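# Secondary and tertiary structure notes
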Amino acid sequence: MKTKIGNQNVLYPMPVTVVGAIVNGKINFINIAHVGILSVKTPSQPHLISLGMNKIHYTNAGIKETKTFSVNLMSVNEIIPADYVGLVSGENNDKSQVFETFFGELKTAPIIKNCPLSMECKLYDVYNTPQHDIFIGEVVATYADEKILTDGKVDISKANPLLFDMNTIQYWSLGKVVGKCWSEGKKYPAK
Ligand SMILES: Cc1cc2nc3c(=O)[nH]c(=O)nc-3n(C[C@H](O)[C@H](O)[C@H](O)COP(=O)(O)O)c2cc1C
């Protein structure tokens, strides 16, 4: 039996990301779990990702101004600073020193040094909803901590990503590998 539980969004867990941007000339960070994959790169289109950011946040103006931002995947090790940048606002707290950063190709997207993976993004578009700016970013460059690569490829088990569940308001970590994509289905009994 299934029970109707209203019209909740149950697309959790989501990876916890920290978005870096320059706001009013200063580096700021914001914890954003509502990230999405919009399209995968092909010869005619870039990798596009989305961020659902409430319009009340201080960071939004900086993304609109510089048209750049970074999306940094947090590991379980960064749970404390990642949560902190989601607790306080850059409007009245200087969050610029919470993470060590460097600048990449775009020059105005602060990239976090001590996290497993970072994407440097150019603002592609903004979709307006009554409460949220949905920032659409084009991934221009991706940076990986060498320690999380296996044979040159991102190894998500080494990245140990921090996951977010809105229903219990708790952070989770990753479980075990259970199968191969585009492969398990081949075991389905053919009719
Ligand atoms: C785990 C976690 C996830 C969050 N995810 C989002 C999100 O997806 N979208 C959003 O608008 N705010 C989200 N927030 C809230 C912002 O990170 C928070 O309000 C932040 O302090 C705003 O910073 P700013 O005012 O410096 O921009 C999240 C906070 C936490 C702790």
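Scroll up a little and you will see the structure.
The structure presented is a predicted model; accordingly, all values stated were derived computationally and were not measured. (Residues numbered from 1 in each chain as written. Predicted model: local features only at pLDDT ≥ 70, side-chain atom pairs only at ≥ 80, totals over all residues. Heavy atoms only, no water.)

## A few points about the environment of Thr-59
- Relative to the helices and strands, Thr-59 is located in helix α1 (residues 59–66).
- Along the chain, Thr-59 and Ile-27 lie 32 residues apart, while their C-alpha atoms are 9.5 Å from each other.
- Other than its neighbours up to four places away in sequence, Thr-59 contacts Ala-21, Val-23, Asn-28, Ile-30 and Met-53. (Helix = DSSP H or I, 4+ residues; strand = E, 2+ residues; numbered from the N terminus. Contact = heavy atoms within 4.5 Å.)

## A few points about the site of the ligand
- Around the ligand lies a shell of 22 residues, among which Asn-31, Asn-54, Thr-59, Ser-89 and Gly-90 are the nearest.
- Ala-33 is positioned such that a nitrogen or oxygen atom in its backbone is 3.1 Å from a nitrogen atom of the ligand.
- Between the ligand and the protein, one listed contact pairs an oxygen atom with a backbone N or O atom of His-34 at 2.9 Å.
- Out of a free accessible area of 650 Å², the ligand has 86% covered by protein chains.
- Per-element accounting of the shell around the ligand gives the leading share, four residues, to strand β3 (residues 26–32).
- Grouping the constituent residues of the shell around the ligand by class yields 10 nonpolar, 10 polar and two charged. (Near = heavy atom within 4 Å. Polar contact = N/O pair within 3.5 Å; in protein donor to acceptor, adjacent residues only side chain to side chain. Areas by Shrake-Rupley, 256 points an atom, 1.4 Å probe, with all protein chains shown as cover. Nonpolar A, V, L, I, M, F, W, Y, C, P; charged D, E, K, R; others polar.)

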